[in-house]
Structures are given as structure tokens and as C-alpha cells.
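Listed below, chain by chain, are the residues.
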Amino acid sequence: MTETLIAELQSLSAELKKKMEAQQDFITRAEVEKITNALVEKLTPQKSNFSLPVDSLEGIMERFENFKNKPYAYTKAEPWTSEYGKNFGDMAKFILAVQKKDQTLMSEGTSANGGYLVPTEFNNEVFKLMQNESIGRRIARLFPMSTWKRTFPKQLTNVSISWVSEASSKSVTKPTFGQVSQEAKVMAAVLMLTDELLRDSAINLQTFLAELIAEAMAQEEDRVLFMGNTGASDPFMGVRYATGVVANTMTGATLIYDDLVNLETSISAGYRKNAIYVLPTNALKVIMKLKDNTGRPLWNAPVQGAPATINGYRYEVSDMITAIDSKYPILFGDFGRNALISPRQGLQVKVSQDAYDPTSQVSAFMSDQTWLRFVQAEAITIAMPAAFAYLDVK
């Protein structure tokens, strides 16, 4: 966060605090709404004007036009130098090799499901971009998998301590353990590209594709981590629906300070030590208008490099958290140790110029298009549900 933005936030926060501490007659609801909305806009990352899905040709071409205005759009990507990547040199040549089922791919990069592993250079660029795009990857534990299924222990209780006299027997104490089971599932994104776009040698195709894939997969990771529900056909249970996460309810019709205190204290002190809030923009707007029982605002602006907080806890805003029956979930817990994002392996890709979409009745062959299907296998796991709690607010 830049110094200019911090200064603006502090100024708006001071204005809101000044008006709230003044006599009620001097501040209207409209004024509070105006100041609060200005704060939220400053705090929430600007969304792209691009609203079409990545599997829409129109959306991708719109993104492509926007990409061409970026300062690095025409910067040539570094040549691939890994043992596998140097066989192709760059992304365009790799895609061409996949189209032709080049024997280099057949011998070195073929995966078990028929796709082709992308070279390290492209995989690393997508991974780096996902770290920036995905809230989940910033706050959860990244715990890669080397197999499709695995089980590992989780500690349920600590070693117990007792005081005994010198002559008495000492009891044997040990922690108890449970098990966490993970099974990787496949996440895929389909990109419909025109043959003309792929032939545009001036454009940094590697970065353009990496941005599209990273953004789409990061959003889906966040959605499943926070709101995944296997009962609604999602591959994994997220924080809001995982069995064992502590459910809280508001004490009245509207959110008050006591509700957040109840939410925070519904998990043990050990989990609260590293806990953060994750909430949608609409819930943040409500909280920014609240004060505690002494009149202190619950929301605090960033100061001298320290992040903004809610009642002293750091928070992240994610609009992948959607309303449930007109209520917005607020999540709270220790993501860093107890929420796992576990990639199985690197990205894989399939390429087709003959694919057909029965829904839109579009043929890649008849439309001079090349379709890329990128695949990532991973598991998303709430390892210790008791480390989390949620509260649905209006």
C-alpha cells in the first residue's frame, strides 16, 4: 500500500471519526454512507472492467486488446532454458508442438491423462501471478502433494502435565492425533484463441496466457476455500460449510459489536493468536460503521505500514464470498496453519483446433480458433475446522 493511499485512508478515517464523535444532529446517515463507501473503495482492489468468463472468445479478445496497452506487452519473454523447455524456446512454439503431437512432448512431457506438462518457465510464471491474485494463497498454507491421495496425522491434544511427589509413580502422557485425508481433484480452464492471435509474434504470449490462467484459477481457489460445498457439487468443503467450523448467529436483527466479540471468542485463544477476518465488501461496509461499547470504531485505518484491522485483527476482502439467503458470511480463523492448498503437480495443457461446444454451437475448426485446456490438480482442505468460525450478517 503506497504512502499516498495510506494518507488518503487516514484522512477519510479521521473525518468519519470526527463526525461520529460529534453531536448526532450534525451527521446524517447519508454522510456516513458517503465517507464509508469512499473508504471501502480505497481499500478494495480495483476490479477489471473485463466481466466475461475466460472461456468466452469475446472476453479473451477484449482482454487481449487491454493487454496490448500494458508496458510489458511487447517485451519479449526470456527464452526457455530448462531441460524440457529449451526444446521449444517459447510459448508459441510449445503450443505448435502440442498441436502436432511432437515426439519431444510424447517422450518427455506426456501426463497420465493425455495432456502435456507445460515447461517450468510458464508454470513458474503462473504460480507467481497466482500468489498475487489469490487471497487464499497469501493466507493459507501451501502444502504440495506428490501423490493423488495421502493421509497425514494432525495433533488433537497437547501433552498433559501433572505435579507428583518424588516417591510416587509418574503418569505417562502423550498427545492424541487424528488424521487428515486429501485427494487431489482436477481444475480446468478453457481458453478460446483466434489463430491470428497465436500468430502475433510481437505480443508477449507467455505473459498474456499466464495472466488469464492465474486470474481464473486464483478466483476459483478462493471461492472453494471460503465457500466450497460438496453438497452443491463443489470438489471440497470450504470454511463456511466444513463440518466442525463454529457457527455463530447475530444477537439481533442488525450486526453489533457484541456479535463480533462472540465470533472471535468462539474459537480457542491458541487459534485467535494468528487469526484473521475474511469477508465480502458488503460486510466490511457494515463493520466500518460500528463502534465498541466505549465509542471506539471497530475498523482502524492502516498506520505507518501496519495494515487496516477489524477490532485489532487483520482482514482480507474477497467477493468470492457470496450471500446466503440475503446474508453475507464473515469468516474468522487461523488460515495460516489450518487451511491447506495442496497442488498435485504442475500445469498441463491440451490443444485442439477441432473442438466443438454444443452449448454455444461453436466449432474451433470452422471459426479458425485454437482452444487451450489448462489443467491443475490440487486439494483444498480445512485441516482443523475448530480453528475457524463464521457469522452470517445482513
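Look a little higher up for the structure.
Given the structure is predicted, the values throughout are model-derived calculations rather than measurements.

Draft legend 1. Geometry of the overall build of the protein. A tally of helices and strands in the protein yields 13 helices and 17 strands. Classification of the 394 residues of the protein by burial places 46% in the buried group. Within the protein, residue pairs in contact and separated by at least 24 positions form 74% of the contacts whose partners lie at least 6 positions apart. In the structure as shown, the protein presents an accessible area of about 20900 Å², 51% of it carried by carbon and sulfur atoms.

Draft legend 2. The nonpolar core, seen in detail. The biggest cluster of nonpolar side chains holds 57 residues, and the ones touching the most others in it are F226, L260, Y277 and F335. The biggest single contributor to this core is strand β17 (residues 388–393), with five residues. Contact partners of Y277, with chain neighbours within four places excluded, come to L260, L263, E264, I310, Y313, R314, Y315, E316, I330, L331 and F332. By size, the runner-up hydrophobic cluster in this structure holds 37 residues, among which are I95, M187, L205 and A210.

Draft legend 3. Spatial organisation of helix α6 (residues 120–133). An ideal rise of 1.5 Å per residue puts 20 Å on 14 residues; α6 measures up with 20 Å between its terminal C-alpha atoms. Where α6 is concerned, the buried positions are E121, F122, N123, E125, V126 and M130. In this structure, the buried side of α6 is in contact with α4 (91–99), α7 (135–139), α9 (205–227) and β16 (369–382).

Draft legend 4. Main features of the pattern of salt bridges. Under the defined criterion, the tally for this structure stands at 13 salt bridges. Across the pair E83 and K86 runs a salt bridge, and its minimum N-O distance is 3.5 Å. Residue K86 is classed as partly exposed on the basis of its relative accessible area, which comes to 47%. The partner of R337 in a salt bridge is D334, and the shortest N-O contact between them spans 2.9 Å. Judged by relative accessible area, R337 falls into the partly exposed class, the value being 46%.

Draft legend 5. Region of interest: the pairing of strand β13 (residues 348–352). Of the strand pairs in this sheet, strand β1 (residues 116–117) and β13 are connected by two bridges, and their pairing is antiparallel. From the neighbouring strand, Y116 faces β13, where its bridge partner is V349. Sheet analysis places β13 next to β16, joined by five bridges and oriented antiparallel. Across the sheet, the residue bridging to S352 is W371, located in β16.

Draft legend 6. Focus on unusual backbone geometry. In this structure, S233 is a non-glycine residue whose phi angle is positive, near 75 degrees. Here S233 lies in the loop between α9 and β6 (246–248). Since its relative accessible area comes to 69%, S233 is described here as exposed.

Draft legend 7. Region of the structure containing the pairing of strand β7 (residues 276–279). Neither face of β7 is left uncovered, since the one carrying I276 and V278 and the one carrying Y277 and L279 both have all their residues buried. Across three bridges, the pairing between β7 and strand β10 (residues 313–317) is parallel. Bridge assignment links V278 to a residue of β10, and that residue is E316.

Draft legend 8. Highlighting the sheet that holds β10. Spatially, the seven strands line up as an open sheet ordered β6-β17-β11-β7-β10-β9-β8, and their pairing is mixed. The sheet terminates laterally at β6 and β8 (299–300), the two strands that pair on one side only. Here β8 runs beside strand β9 (residues 309–310); their pairing, made up of two bridges, is antiparallel. Residue pairing for β9: N300 is matched across the bridge by T309. Helix α10 (residues 257–265) contacts β6, β7, β9, β10, β11 (328–333) and β17 of the sheet and is inclined by roughly 155 degrees relative to β17.

Draft legend 9. Representation of the packing of aromatic side chains. Tallied over the entire structure, the rule returns twelve aromatic pairs. Arranged with centres 4.8 Å apart and planes meeting at 50 degrees, the rings of Y277 and F332 form a pair that is tilted. Separated by 55 residues along the polypeptide, Y277 in strand β7 and F332 in strand β11 bring together distant segments of the chain. On the accessibility criterion, Y277 (0% relative accessible area) is buried. F332 gets classed as buried once you look at its relative accessible area, which sits at 0%. Sitting above the plane of the F236 ring, K185 keeps its charged end 5.5 Å from the centroid. For R240, the ring lying beneath its charged end belongs to Y390, and the centroid distance is 4.0 Å.

Criteria and thresholds
Residues numbered from 1 in each chain as written. Predicted model: local features only at pLDDT ≥ 70, side-chain atom pairs only at ≥ 80, totals over all residues. Heavy atoms only, no water. Helix = DSSP H or I, 4+ residues; strand = E, 2+ residues; numbered from the N terminus. Buried < 20%, exposed > 50% of the residue type's maximum accessible area, 1.4 Å probe, protein only. Contact = heavy atoms within 4.5 Å. Areas by Shrake-Rupley, 256 points an atom, 1.4 Å probe, with all protein chains shown as cover. Core = buried A, V, L, I, M, F, W, Y, C linked by side-chain atoms within 4.5 Å. Expected span 1.5 Å × (residues − 1). Salt bridge = Lys/Arg side-chain N within 4 Å of Asp/Glu carboxyl O. Pairing = 2+ DSSP bridges. Axes fitted to C-alpha atoms, helices over the stretch in contact; angles between N-to-C directions. Phe/Tyr/Trp six-rings, centres within 6.5 Å; stacked < 30°, edge-to-face > 60°. Lys NZ or Arg CZ within 6 Å of the ring centre and 35° of its normal.

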